[in-house]
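Commentary on secondary and tertiary structure
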Amino acid sequence: MKQVMYQKIEDAVSYLQRSERLPILKVQTTALHTIEEFMVSRGFIQLMPVITAKVTDPLGPDPGSSVVLVPRIKYYDEDLVLTQSMILHKQLALLSGADKIFIMSPNIRLENKARGKSGKHLFEFTQMDFEIKNGTMENVMALLEDLVVEVISSTISEREDDLKELNRELEVPPKPFEVYTSHELEEKYGKDWEYLASLEHKYPFWVTCFKREFYDREDPNNPGHYRNYDLIYPEGYGEAASGAEREWQYSKIIERITKDNLNPEDFKEYLEVAKRGLLSQSAGAGIGIERLVRFLTGAKHVGDVQPFRRVPGEEVIL
Ligand code: ASN
């Protein structure tokens, strides 16, 4: 038993000491620095993340989610959940008077073990999550295109040696990125469209219109269609970012929560704010940092960019 433990520590230490560790961390440093500078230059106000709350993103029904358990803690008499995403708090935070906000937000998503093999799932990761009051999907998509181009450009110029060491060639993608609907891609590639379409593309592209969580706005001019979007990396790396225009009217939110078979009681405090008419029309998105770093460095698995791996189905050692 002691021997097994000893071996595990040895493995975790040599994993930390891998030759690609430092070049990956250097690329990540450039990416994080570029993102913060970019968001601040575009007038965004930075918030600190919320990690405990009464309510969090239900993450469903979303075909992209496979969480087996919502992470809960008891603190004295309070039942709290750990953040799966800050979407509901992003909407609430617009009450501060800031019109554009962003957060480096750690998320816990206890995904099914099988997801460990997807190459892109972690049970603990960070997304750069942002929201724009009175924003539209067009605003958000244009912003994210500029951001991705900026991050790729700064990585190429600041981290040439590290990219060489990692054997990774990056190219700045031309704007605007291509846009597809999820329906047309599913028709062309079948259920596994994300991976297959990603493999066939040389540059990042957009996919719009997904039936998913209640907070993503249904198109008022085209019911049954949604004002949401995912950004997909090329070369098989898959989903980069995901976002939407939001539902903000109480009656519509209740209608969507009920349709999703969620319990309105679980969202009581959030709904009280919505009922008072205090939520604003907004749009936003979140871009996963580890997935971005995986793409920039060409890592095989998103877990490989984490010095302390948090991959579904893998034991946590350090
Ligand atoms: N960040 C996403 C959004 O803004 C939500 C999520 O991560 N589930 O829509």
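For the structure itself, consult the block above.
Let us look at the structure shown here.

Rules used in this analysis
- Residues numbered from 1 in each chain as written.
- Predicted model: local features only at pLDDT ≥ 70, side-chain atom pairs only at ≥ 80, totals over all residues.
- Heavy atoms only, no water.
- Core = buried A, V, L, I, M, F, W, Y, C linked by side-chain atoms within 4.5 Å.
- Buried < 20%, exposed > 50% of the residue type's maximum accessible area, 1.4 Å probe, protein only.
- Helix = DSSP H or I, 4+ residues; strand = E, 2+ residues; numbered from the N terminus.
- Contact = heavy atoms within 4.5 Å.
- Pairing = 2+ DSSP bridges.
- Axes fitted to C-alpha atoms, helices over the stretch in contact; angles between N-to-C directions.
- Phe/Tyr/Trp six-rings, centres within 6.5 Å; stacked < 30°, edge-to-face > 60°.
- Lys NZ or Arg CZ within 6 Å of the ring centre and 35° of its normal.
- Patch = residues over 30% accessible without salt bridge, like charges linked within 9 Å, V, L, I, M, F, W, Y side chains within 5 Å.
- Areas by Shrake-Rupley, 256 points an atom, 1.4 Å probe, with all protein chains shown as cover.
- Salt bridge = Lys/Arg side-chain N within 4 Å of Asp/Glu carboxyl O.
- Near = heavy atom within 4 Å.
- Polar contact = N/O pair within 3.5 Å; in protein donor to acceptor, adjacent residues only side chain to side chain.
- Nonpolar A, V, L, I, M, F, W, Y, C, P; charged D, E, K, R; others polar.

Brief notes about the nonpolar core
The biggest cluster of nonpolar side chains holds 43 residues, and the ones touching the most others in it are I35, M39, M128, F130, L144 and L296. Of all the secondary-structure elements, those providing two or more residues to this core are α2 (21–41), β6 (100–108), β8 (124–133), α4 (137–158), β11 (228–233), β12 (238–245), β13 (282–288) and α10 (289–297). Every residue in contact with L144, bar those within four places of it in the chain, is listed here: F130, W206, A241, A285 and I287.

Side note on the pairing of strand β4 (residues 72–75)
In this structure, β4 lies alongside strand β5 (residues 78–82), joined through four bridges in antiparallel fashion. Looking across to β5, one finds that I73 is bridged to L80. Here β4 hands over to β5 after two residues, with Y76 in that stretch at a positive phi of 50°.

Describing the sheet that holds β6
Taken in spatial order, the eight strands make up an open sheet running β1-β6-β8-β13-β12-β11-β10-β9, and their pairing is mixed. Whereas interior strands pair on both sides, the edge strands pair on one side only; in this sheet they are β1 (45–47) and β9 (178–181). Strand-to-strand twist of the sheet, defined as the mean angle between neighbouring strand axes without regard to direction, takes the value 25°. Looking at chain direction, β9 and strand β10 (residues 205–208) are connected through four bridges and run parallel. Counterpart to E178 in the pairing with β10 is F205.

Comments concerning the packing of aromatic side chains
The geometry of an aromatic ring pair is captured by the separation of the ring centres together with the interplanar angle, meaning the angle of the planes. Scanning all chains against the criterion turns up 10 aromatic pairs. A centroid spacing of 5.4 Å and a plane angle of 80° characterise the contact between F214 and F267, whose relative ring orientation is edge-to-face. Pair noted here: F214 is in the loop between β10 and β11 and F267 is in the loop between α8 (250–259) and α9 (268–275), with a separation of 53 residues, a long-range link. Using a relative accessible area of 4% as the deciding quantity, one classes F267 as buried. The aromatic ring of Y15 is capped on one face by R21, whose charged end is 4.5 Å from the ring centroid.

Digging into a nonpolar patch on the surface
Nonpolar side chains collect at one region of the surface, where M5, I9, V13, F308, I317 and L318 lie side by side and expose about 480 Å² of accessible area between them. Following the sequence through the fold, L318 ends up in the segment after α10.

Quick word on the site of the ligand
Lining the immediate environment of the ligand, one finds 13 residues, of which D57, K90, R109, D129 and R246 sit closest. Between the ligand and D57 there is a distance of 2.9 Å, counted from a nitrogen atom to a side-chain nitrogen or oxygen. Take R246: an N or O atom from its side chain is 2.8 Å from an oxygen atom of the ligand. Expressed as a share of its isolated accessible area of 270 Å², the protein-covered part of the ligand is 92%. At the level of secondary structure, the elements contributing two or more residues to the shell around the ligand comprise β8, β12 and β13. A class-by-class count of the residues in the shell around the ligand yields three nonpolar, five polar and five charged.

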